[in-house]
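A look at the structure
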Amino acid sequence: GLALSCGARVELMDPVEHDVAVAEVSHVPQIVSSLMAGNLADVPRSHLMLSGQGVRDVTRIAASDETMWTQIITANRAAIQTQLARLSSTLADVEAHLDSPVAVAEFLRHGIAGTRGLPGKHGRSALEWAHVVVEIPDSPGALAKLFAQVEAVGVNVEDLEIEHDRDREVGYINVAVSPDQAGELAQAMTDAGWTLKP
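The rules behind each value
- Residues numbered from 1 in each chain as written.
- Predicted model: local features only at pLDDT ≥ 70, side-chain atom pairs only at ≥ 80, totals over all residues.
- Heavy atoms only, no water.
- Axes fitted to C-alpha atoms, helices over the stretch in contact; angles between N-to-C directions.
- Helix = DSSP H or I, 4+ residues; strand = E, 2+ residues; numbered from the N terminus.
- Parallel < 35°, antiparallel > 145°, perpendicular 65-115°, else oblique.
- Left-handed = near helix turned anticlockwise from the far one by under 90°.
- Contact = heavy atoms within 4.5 Å.
- Patch = residues over 30% accessible without salt bridge, like charges linked within 9 Å, V, L, I, M, F, W, Y side chains within 5 Å.
- Areas by Shrake-Rupley, 256 points an atom, 1.4 Å probe, with all protein chains shown as cover.
- Salt bridge = Lys/Arg side-chain N within 4 Å of Asp/Glu carboxyl O.
- Pairing = 2+ DSSP bridges.
- Expected span 1.5 Å × (residues − 1).
- Buried < 20%, exposed > 50% of the residue type's maximum accessible area, 1.4 Å probe, protein only.
- Arc of directions from axis to C-beta.

**Regarding the packing of helix 2 (residues 15-39) against helix 6 (residues 77-96)**
At a minimum axis distance of 9 Å, the contact between helix 2 and helix 6 shows a crossing angle of 60°. With respect to each other, helix 2 and helix 6 are oriented oblique. Between helix 2 and helix 6 lies a crossing whose hand is right-handed. For the pair helix 2 and helix 6, the contacting residues are Asp19, Val20, Ala23, Glu24, His27, Val28, Ile31 and Val32 in the first and Ala79, Ile80, Gln83, Leu84 and Leu87 in the second.

This is how it looks when you write it as structure tokens:
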């Protein structure tokens, strides 16, 4: 009752199932992100300059509070150890078959299937959105102007991502919309003078 009165979503499960679930979707992803980020600590800066949005996505949560995560990980170590053993086995299998395009493709397909299993907007089934990527100057008011023009088209924005250009004072805003609205939005943005990224 207290949780509901605060506007929270309530899920009821027994403690063991809870520990397994949070190990799968929270604790192990945190460890993997920290491992990936830690692997970059000794990488030459010239190599890091080649990094794109992908490595930022994978390592973003590695910047989380270490005190809190030390407590969480050590408290749920049994469930985490089970998940890490499974992950370690899969990683060893991938390493052993890097020379096989068929095996690599299957590994990647399995990853795609995992992303599609995650709940989408408002907890509904994940959907395939179309993406319109707009170049936007790094200046005050640019984002507000873009949103106003998207609103004028009458397109609902399902999701957003912003990536910054390493060398130029611009960013790229990835606007996810319903596939049947993507063409209309792209044309409207072009007509309004925005540059679209293929």
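Picking up where we left off.
**Focus on a nonpolar patch on the surface**
Together, Leu143, Phe147, Leu160 and Ile162 make up an exposed nonpolar region whose accessible area comes to about 290 Å². With respect to the secondary-structure elements, Leu160 resides in strand 2 (residues 159-164).

**A closer look at the pairing of strand 2**
Taken together, the six bridges between strand 2 and strand 3 (residues 170-177) define a ladder with antiparallel strand orientation. Bridge pairing in strand 3 links Glu161 to Asn174. In this antiparallel pair of consecutive strands, strand 2 and strand 3, the connection spans five residues.

**Here we look at helix 8 (residues 142-153)**
Across its 12 residues, helix 8 extends 17 Å between first and last C-alpha, which sits within 8% of the 16 Å expected from 1.5 Å per residue. Those residues of helix 8 that sit buried are Ala142, Leu146, Val150 and Val153. Projection of helix 8 onto a plane perpendicular to its axis shows the buried side chains occupying an angular sector of 70°, all on one side. In helix 8, the exposed positions that point more than 90 degrees away from the buried face belong to Ala144, Glu151 and Ala152. Residues of helix 8 that are buried in the fold lie against strand 1 (130-137), strand 3 and helix 9 (179-191).

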